[in-house]
Structures are given as structure tokens and as C-alpha cells.
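Structural characterization, general
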2 protein chains.
Amino acid sequence: MSQHSLGDDVSIANVAAVAGVSTATVSRVLSGRRRKDDDLSRRVRAAAKQLNYSVNYAASALRSAKTNSIGLIVPELNNSLYSSLTQAIEPAVNHAGKQLILGIGSTAAEQEQRIRLVLSHRVDALIIIPVETEFIVPFLETVAKQIPVVQLLSQTYSNKLDWVGISETTVMQIIADHLSTAGARSVAYIGSSTDDLDGMTLFTAFHMQMTVSGLSTYTEWIHFTQESVDSGYRIMQKILSDHSFYPESVICSDGLTAVGVYRACAAAGLSVPEEIKIAVLHDSALCENGTFESVSFTSVQLPWDRIAAEAVTLVAAEQERKSWLPSRRELEPELIIRKSTVVSS
Amino acid sequence: MSQHSLGDDVSIANVAAVAGVSTATVSRVLSGRRRKDDDLSRRVRAAAKQLNYSVNYAASALRSAKTNSIGLIVPELNNSLYSSLTQAIEPAVNHAGKQLILGIGSTAAEQEQRIRLVLSHRVDALIIIPVETEFIVPFLETVAKQIPVVQLLSQTYSNKLDWVGISETTVMQIIADHLSTAGARSVAYIGSSTDDLDGMTLFTAFHMQMTVSGLSTYTEWIHFTQESVDSGYRIMQKILSDHSFYPESVICSDGLTAVGVYRACAAAGLSVPEEIKIAVLHDSALCENGTFESVSFTSVQLPWDRIAAEAVTLVAAEQERKSWLPSRRELEPELIIRKSTVVSS
DNA sequence: TTGTAAGCGTTATCAA
DNA sequence: TTGATAACGCTTACAA
């Protein structure tokens, strides 16, 4: 811990005086616009350090129209997807020397209001996990005319917005391949609601994978639900009610549902993973340790840090390029293999 | 959704011209420094609206040294305590017409670095959930000389910092009273580690409540652990290994532990809540629906929105008062009674 | 490459 | 109460 000294009211003029140069030179050296690392540069930096100088962003922003801040709009934080991402973005933004201005909006209207707010504070760029994309995307496209905008995760295609995320198709492919390799020949699907685009994309990808990976499924084995242990339990109970015939594996949207599914299997006397394997689409703490009797769930982990790094790099780099085609950065999810799909040796 | 018009480059001078007054008057009217709501005021406001004017905060900040932004420093977001609080603070800050600048730091050193960063952006105030308080509090006290600082949740006493939170003693009292009223005469305690002050405060409060509420406990029934289903299960199994003698209730620090405890009870053939009652100190989604077989856990819910509102009110109000004694606002937690402590009728 | 000086858009001061 | 004007601290033409 340091000496607790805080920036006093020292301005660029003081630094200039101490270093024996003009304010313009100080500005150029400290902002990096003067690359040379000669005696003069060192003198300026030394003076700045000695005086504990830090730039007044208000003055800087007023003159240069750059505020050194990035707006981040997320739907909510009580959701591990969004909180993980926010937690990954904060250090990335700080690493880029910027400030993170946070806005939370769970509807398109709220998100638009928050965006207007951060815009009125002249943020340099906007990173957003959009909701109700059909409403918010047109607005985002108008925003993108002013500042760089990066969309995260959402599967909405826009030829005017940058995008960083993962492919739901890849997620499903990784899981289906793994279940097949692990020995399962049939699979049930308990997905999140199909209200949103991501849910639909996942379900479509599931069907596509059936053919490819040699797994089979049945209409009675396909269900959609809100995430909860209870509904996972009830749905799985229903699936298992036909005693002559049960799936050799289950794909669940989330950890809570998986816990319910597991309990239903246990209650029906089916052993996991020997007789039935369980895989989860979205990783969470529950998949790793949220169960008991030493069960844990194989799941797909999203590369939060890389998504965050890509997003920040994109908005930082984009400051320059005036005319451009939108970037799409698709990152690879990672399968975390746990006890629910493989027999421990 | 509105017409997607974004603030153009209209300045106070344009508004002044349209309204037929000076820029000074426009500034006074729009900033609320001129209270009167006469024809002149209306004319200015109409002109501002017509031109879609929004103040340039950089210019405003440069002149007035107020940036209309508040810094929030939290330890992390993958923890429901902190993410709930952040989610509650964001709307409160926005409601106050300010921007929220977020910093995440899980150590005192990281928090200090983030604080310096937001300070260099001249935030008007700081709200912080401190970690390693013995290290960070002295630094916070120096910060408090410059801008209002409100500490949240932490139990650290400082005669220089404002504080908003809840009393751990009250939490324990509410739970012990409830268990006693529900018919339990003895209780086990599975707390979080005693490394931090909060854990120690809770445990001390637990002991105090034993006498007051007429509950009894035993050394063998008291354990400390990291939150996980597995450790809850193992600890409870150990407690129940003496078959002649078991507690009529259990207080757990969190939902994961409670799930493990419940499983151990079920495995031992003890029915919840009839033979043994389970209560949780920190509410989470798991307490409400994270279990199966229709069990849910009685727990204590913190008044997030009120904590957030108090914190924001405090830093906003404090702008004025130059000499002051620190405020301490202690809010009441609420007991959420669920199936783990009362027999359903 | 460096210094000089003119702004950036607002608020504060001061005089009317 | 209002208006004219200076000042906030920085960046950037432009001149040297």
C-alpha cells in the first residue's frame, strides 16, 4: 500500500514550469503523441511524477472530445452470464486506461434511456449486451454513427454493429460430440424458453446435431422451462415415467435444472453417469460444486476474459477507422468435463 | 421507443439565442439555480427542448468541479451479495441524475488502485464495499477529506466515514427468535470462516442470542466452512453421527451449505422441518427454489433497494455539509419464512 | 521539434 | 434579477 497521497490541484502548467518546457510539450509527452524517449521526455515525466500530476479529464475532454470512458450496458447482474461478463470487462477497460460507466437495463426502453445517459456524458465507446434486440438494434445503429458500438453475445445480425460472442451452434456441437463419444446413443433436451433468439438458436442447433453426431431423440424428450431445480425434477420424472424406455443422456440449459434432473434420475434408480449422462449448456458454480454425493456436471464454459478483451480492443482500435465493415469475432467455448458424463477410472 | 434522435452539437449559446437571453441565464435556469418558474424560465426550457440541447458535462465539470458521476467500488460480481447491491445502486444513482463509474477490486491494493482511478476522473462521491478493511480504511479516510465516501455493509467503525448497512446482531436475533418460536430448543451453527470481521461478528452474535432466546448449543455443533453443498453435507453428517442426540435446528451461512445440510438430514432419516429446522443467514435464489422435493429455506433478506437509496442520498446530500460527523444508517433485514422451519398447514 | 496562443462550453464573478 | 466577461485546464493550429 502506498503513502496515501492524493492528487492535489496541480495542473499541466506546474509540470511545464518544473520541467522547464511549454505546456504544449508536456501535453504531447504525457499523451504519448511525442514518441521520442529522450532527456526532455524523461524530464517531463519526472516532473509530473514529482508533482503527483494527473490530467484533468474534464478539460481534456472539453478540448479533444475524448473522455477516456467506455459505457457498458447490461440487462441485469443477478445472472451469472452477465455478471461474469461485467466482471471480465472491468479489468479490460481499466487496462486500456479507460473508465467504465455502467448502465443496467432489462428492457429495450430502459437500455435506450441508459445509452442516452452515457452518451450525454460523451463516452468514447459503447459495449452492450442487448435485450429485445428487434427494438434496440435500430437505435444502436444510429448510435454507431457517432461512437464505436460493440454488441456482445446476442445473435442479432446487423451490418452496422460490431459483435463479439460465441456460436450457439458450436456449443451444441461440442456437447453432442462429447455425449456421443462418451457412449450415449440417445438424448433428451431440456432447454430454456424459446422466447428469445438464443433459445431458438440453441434448439435448432440441437436438432442439426442429432443427424451429425449419431444421437437420437424423441418428441416426448424435448421440453422447455424456466431454470429451477423443481422444474428439472418434474420434467425428468415425466420423461422417466415410461419405464421401458429412457434417454441415455440429457442436455440441460443450466445448473439448477441439472440438479433437478439428477435427483429425478436418482429417485428412479438410474445411476449417473453409468446409465444416464447429464450435460449443461451454460456453466455456473452449481455445475462445479452445487451438488452432493460427489456429483458435478459437464458443461460449456464461455471464454469471458477473451470476450472482454476482444470487445475492448475493438472499441479502442475503432476510434480511428472511419469507414469500416463491422467486425464479427466468434470465440471458442470450452467443454469442462465433469463426473456427470464420464465414469471415473 | 422514441425517434432515435441523438444530441447534436448544440451549445448553451444556441439556446440563449433562441430564447433571447444570455448564456448565463440559460445556465442558471437549466441547472436549477434560478428557481422562479416564470415566462423567461419556460422560454429557456422550451428553447432547450426544441434544440434537443444537453449540457456538455466536460465543460460543466471543468468550470464547476462537479462531474455528475459517482464511483462504486465492489469486491466482485460473482457473489450475490455484491451483485444484488450493485444492481440496486445503479438505478438509485441514475435517479439522482448521476453516472455510475464501476471499479472492481478484490484486495485492498486493487481497490485502492481503482479508487485512485475514479478519483482522477473527479467523481463527486465514492460508494464502496471495502475488503481487507484494516488496510483500506485509512486510505478511505484520506479520500473522505476530498469527496463524500460511504462504506457499505462492512462493519468497520471509522469516525470519519459514513456507513450504511445492516446489523449482524439483528440478523442473528431475528433468526434465533424465529427458530425458538417455531419450537426448536437447540441449534447447530455452520458459519462462514471467521477470517473476516463479519464472520466473527455473526458468531459472537450467535452466542449472545443463545442466552436471550432460550436455545442451547454444543461445541460439537459449531463449525466453520467455505460455502459449498459438499461441506454442508459432510459437516451435518458428522453432527448427526451421534445417534442419541441431535440439534432441533441448524443455522447455515448460505444456501449451498443449507442444501448439503438438508441432504444429510434426509439421509439420516430426519424430516425437515418437523424434526429439524434449517435457517440461512444470507438469502439467495437457492433458498427460494434451489432445492427439490418442494423444500425451500427460511432466510434473512437484506433491503438492497433501501441500502442503495440511503447510500446515494447520503453522498448527494453530503456535497453541502462541510463539517460533519459521520452518518451511520442501520437498516432492518427481513426474515423470509419458508418451508425449512415451519410445518405447512 | 518546440513554443505561443486560441479556443472547447460551461459556470462564476461582477457590474448594471 | 440579468448580462457581459473572465476563467476553468487542456489540446491543437500555427508560427518559429
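Residues numbered from 1 in each chain as written. Chains lettered and ligands numbered in written order. Predicted model: local features only at pLDDT ≥ 70, side-chain atom pairs only at ≥ 80, totals over all residues. Heavy atoms only, no water.

The name given to chain A in an unreviewed UniProt entry is LacI family DNA-binding transcriptional regulator, and the organism recorded there is Bifidobacterium aquikefiricola.

Some remarks on the packing of helix 6 (residues 108-120) of chain A against helix 7 (residues 133-143) of chain A
Residue and element names in this part refer to chain A. The following threshold applies: Only the contacting stretch of a helix is used when fitting its axis, a line to C-alpha atoms as for every element, and angles between N-to-C directions run 0 to 180 degrees. Helix and strand assignments follow DSSP, with helices taken as H or I runs no shorter than four residues and strands as E runs no shorter than two, numbered in order from the N terminus. Just so you know how the angles are binned, under 35 degrees is roughly parallel, over 145 roughly antiparallel, 65 to 115 roughly perpendicular, and the rest oblique. Throughout, a crossing is termed right-handed when the near helix is turned clockwise from the far one, and left-handed when it is turned anticlockwise from it by less than a right angle. Should any heavy atoms of two residues lie within 4.5 Å, those residues are counted as being in contact. In this classification, Asp, Glu, Lys and Arg are treated as charged, Ala, Val, Leu, Ile, Met, Phe, Trp, Tyr, Cys and Pro as nonpolar, and every other residue, Gly included, as polar.
Axis separation between helix 6 and helix 7 bottoms out at 9 Å; the angle between their running directions is 15°. The angle between helix 6 and helix 7 falls in the class roughly parallel. Classified by chirality, the crossing of helix 7 by helix 6 is right-handed. Residues Ala108, Gln111, Glu112, Ile115, Arg116 and Leu119 of helix 6 pack against Phe135, Ile136, Phe139, Leu140 and Val143 of helix 7. Considering only residue class, the contact of helix 6 with helix 7 consists of 8 nonpolar, 1 polar and 2 charged.

Description of empty space enclosed by the protein
Defined as follows: Both cavities and pockets are sets of points on a 1 Å grid over the protein atoms alone; in a cavity a 1.4 Å probe fits but cannot get out, in a pocket the set is open with protein on both sides within 12 Å along at least five of seven lines, and lining residues sit with an atom within 4 Å of a point. Grid points are joined across faces, edges and corners, and a volume is the space filled by probe spheres set on the points.
All told, the structure shown has 3 cavities of 30 Å³ or more when counted by the stated rule. Computed from the structure, the largest cavity encloses a volume of approximately 270 Å³. Lining the largest cavity are 17 residues, with Tyr57, Thr67 and His121 of chain A together with Thr67 and His121 of chain B sitting closest to its centre. Listing elements by their share of the lining of the largest cavity, those giving two or more residues are helix 4 (57-64) of chain A together with helix 4 (57-64) and strand 2 (99-104) of chain B. Taken together, the residues of the lining of the largest cavity sort by class into 8 nonpolar, 7 polar and 2 charged.

Some thoughts on helix 6 (residues 108-120) of chain B
Heads up, the condition is: By this rule the span expected of a helix is its residue count minus one, scaled by 1.5 Å. For the exposure calls, accessible area comes from a 1.4 Å probe over protein chains only, and a residue counts as buried if that area is under 20% of its type's maximum, exposed if over 50%, partly exposed in between.
The end-to-end C-alpha distance of helix 6 of chain B, which contains 13 residues, comes to 18 Å, matching closely the 18 Å that a straight helix rising 1.5 Å per residue would cover. Within the span of helix 6 of chain B, buried status applies to Ala108, Gln111, Glu112, Arg114, Ile115, Val118, Leu119 and Ser120 of chain B.

Regarding the protein's contact with DNA strand D
Put simply, the rule reads: The cutoff for a nearby residue is simple: one of its non-hydrogen atoms must lie within 4 Å of the molecule or strand. We define a polar contact as two N or O atoms separated by no more than 3.5 Å, with the added condition that, inside protein, one atom must be a possible hydrogen donor and the other a possible acceptor, whereas residues neighbouring each other in sequence contribute only through side-chain atom pairs.
For DNA strand D, the set of nearby residues contains 24 residues, the closest of which are Ile12, Ser27 and Tyr53 of chain A together with Thr25 and Arg34 of chain B. Of everything in DNA strand D that lies within 4 Å of the protein, sugar and phosphate atoms constitute 61%. In this structure, a phosphate oxygen belonging to DNA strand D sits 3.5 Å away from a main-chain N or O atom of Asn56 of chain A. Side-chain polar atom of Arg63 of chain B to a base nitrogen of DNA strand D: 2.9 Å apart, as the coordinates give it.

Re the protein's contact with DNA strand C
The local shell around DNA strand C holds 24 residues, among which Thr25 and Arg34 of chain A together with Ile12, Ser27 and Tyr53 of chain B are the closest. A breakdown of the atoms of DNA strand C within 4 Å of the protein gives sugar and phosphate a share of 58%. Within the side chain of Ser27 of chain B, one N or O atom sits 2.3 Å away from a phosphate oxygen of DNA strand C. Contact between DNA strand C and Arg63 of chain B: a base oxygen at 2.8 Å from a side-chain N or O atom of the residue. Contributing elements (two or more residues each) for the surface near DNA strand C: helix 2 (23-31) and helix 4 of chain A together with helix 2 (23-31) and helix 4 of chain B. For the surface near DNA strand C, the leading source of residues is helix 4 of chain B, giving 5 residues.

Brief notes about the environment of Arg28 of chain A
Residue and element names in this part refer to chain A. Along the chain, the position of Arg28 falls in helix 2. Arg28 sits 29 residues away from Tyr57 along the chain, and the two C-alpha atoms are 15 Å apart. Ignoring sequence-local partners within four residues, the contact set of Arg28 consists of Arg33 and Arg34.

Details of the packing of helix 1 (residues 12-19) of chain A against helix 3 (residues 39-51) of chain A
All names here are of chain A. Closest axis-to-axis distance for the helix 1/helix 3 pair is 8 Å, and the angle between their directions is 125°. Classified by the angle between their axes, helix 1 and helix 3 sit oblique to one another. Helix-helix and strand crossings are classified by hand; for helix 1 and helix 3 the assignment is right-handed. Across from Asn14, Val15, Val18 and Ala19 in helix 1, the residues of helix 3 making contact are Arg43, Val44, Ala47, Ala48, Gln50 and Leu51. The class makeup of the residues in the contact of helix 1 with helix 3 is 7 nonpolar, 2 polar and 1 charged.

Some details on the pairing of strand 2 (residues 99-104) of chain A
Residues and elements named next belong to chain A. Short version of the rule: The rule for pairing is simple: two strands pair if DSSP sees at least two bridges between them. Look down the strands so they point away from you; if the path from the first strand over the helix to the second goes clockwise, the crossover is right-handed.
With 6 of 6 residues buried, strand 2 lies mostly within the body of the structure. Alternating residues of strand 2 divide into Gln99, Ile101 and Gly103 and Leu100, Leu102 and Ile104, and every residue in both groups is buried. Here strand 1 (residues 69-74) runs beside strand 2; their pairing, made up of 6 bridges, is parallel. The partner of Ile73 across the bridge, within strand 2, is Gly103. With respect to chirality, the unit in which strand 1 leads through helix 5 (residues 80-95) into the neighbouring parallel strand 2 is right-handed.

Here we look at the interface of chain A and chain B
Stated formally: Buried area is understood as the total, over both parts, of accessible area removed when two parts are fitted together, assessed with a 1.4 Å probe. Salt bridge, as applied in this entry: a Lys or Arg side-chain nitrogen positioned within 4 Å of an Asp or Glu carboxyl oxygen.
Taken together, the contact between chain A and chain B spans 63 residues of the former and 63 residues of the latter. Between chain A and chain B, the buried area comes to about 5,300 Å², and carbon and sulfur atoms account for 55% of it. Across the contact surface, chain A and chain B share 2 salt bridges. For Arg114 of chain A, the salt bridge is made with Glu90 of chain B, and the minimal N-O distance between the two is 2.7 Å. At the boundary of chain A and chain B, one finds 14 residue pairs in polar contact (both at pLDDT 80 or more). Of all the elements in the fold, those that place two or more residues in the side of chain A that touches chain B are helix 4, helix 5, strand 2, helix 6, helix 7, helix 10 (229-239), helix 11 (255-267) and helix 12 (285-289) of chain A. Per element, the largest residue contribution to the side of chain A that touches chain B is 9 residues, and it comes from helix 6 of chain A. Its residues assigned to classes, the side of chain A that touches chain B comprises 28 nonpolar, 25 polar and 10 charged.

Considering the relation of the copies chain A and chain B
Each of the two chain copies can be generated from the other by rotation about an axis followed by a shift along it. Rule in force here: The superposition of copies rests on a least-squares fit of C-alpha positions from residues with pLDDT of 70 or more in both.
Placing chain A over chain B gives an RMSD of 0.2 Å and needs a rotation angle of 180°, together with 0.0 Å of translation along the axis. As the rotation angle and translation indicate, the two copies are arranged about a two-fold axis.

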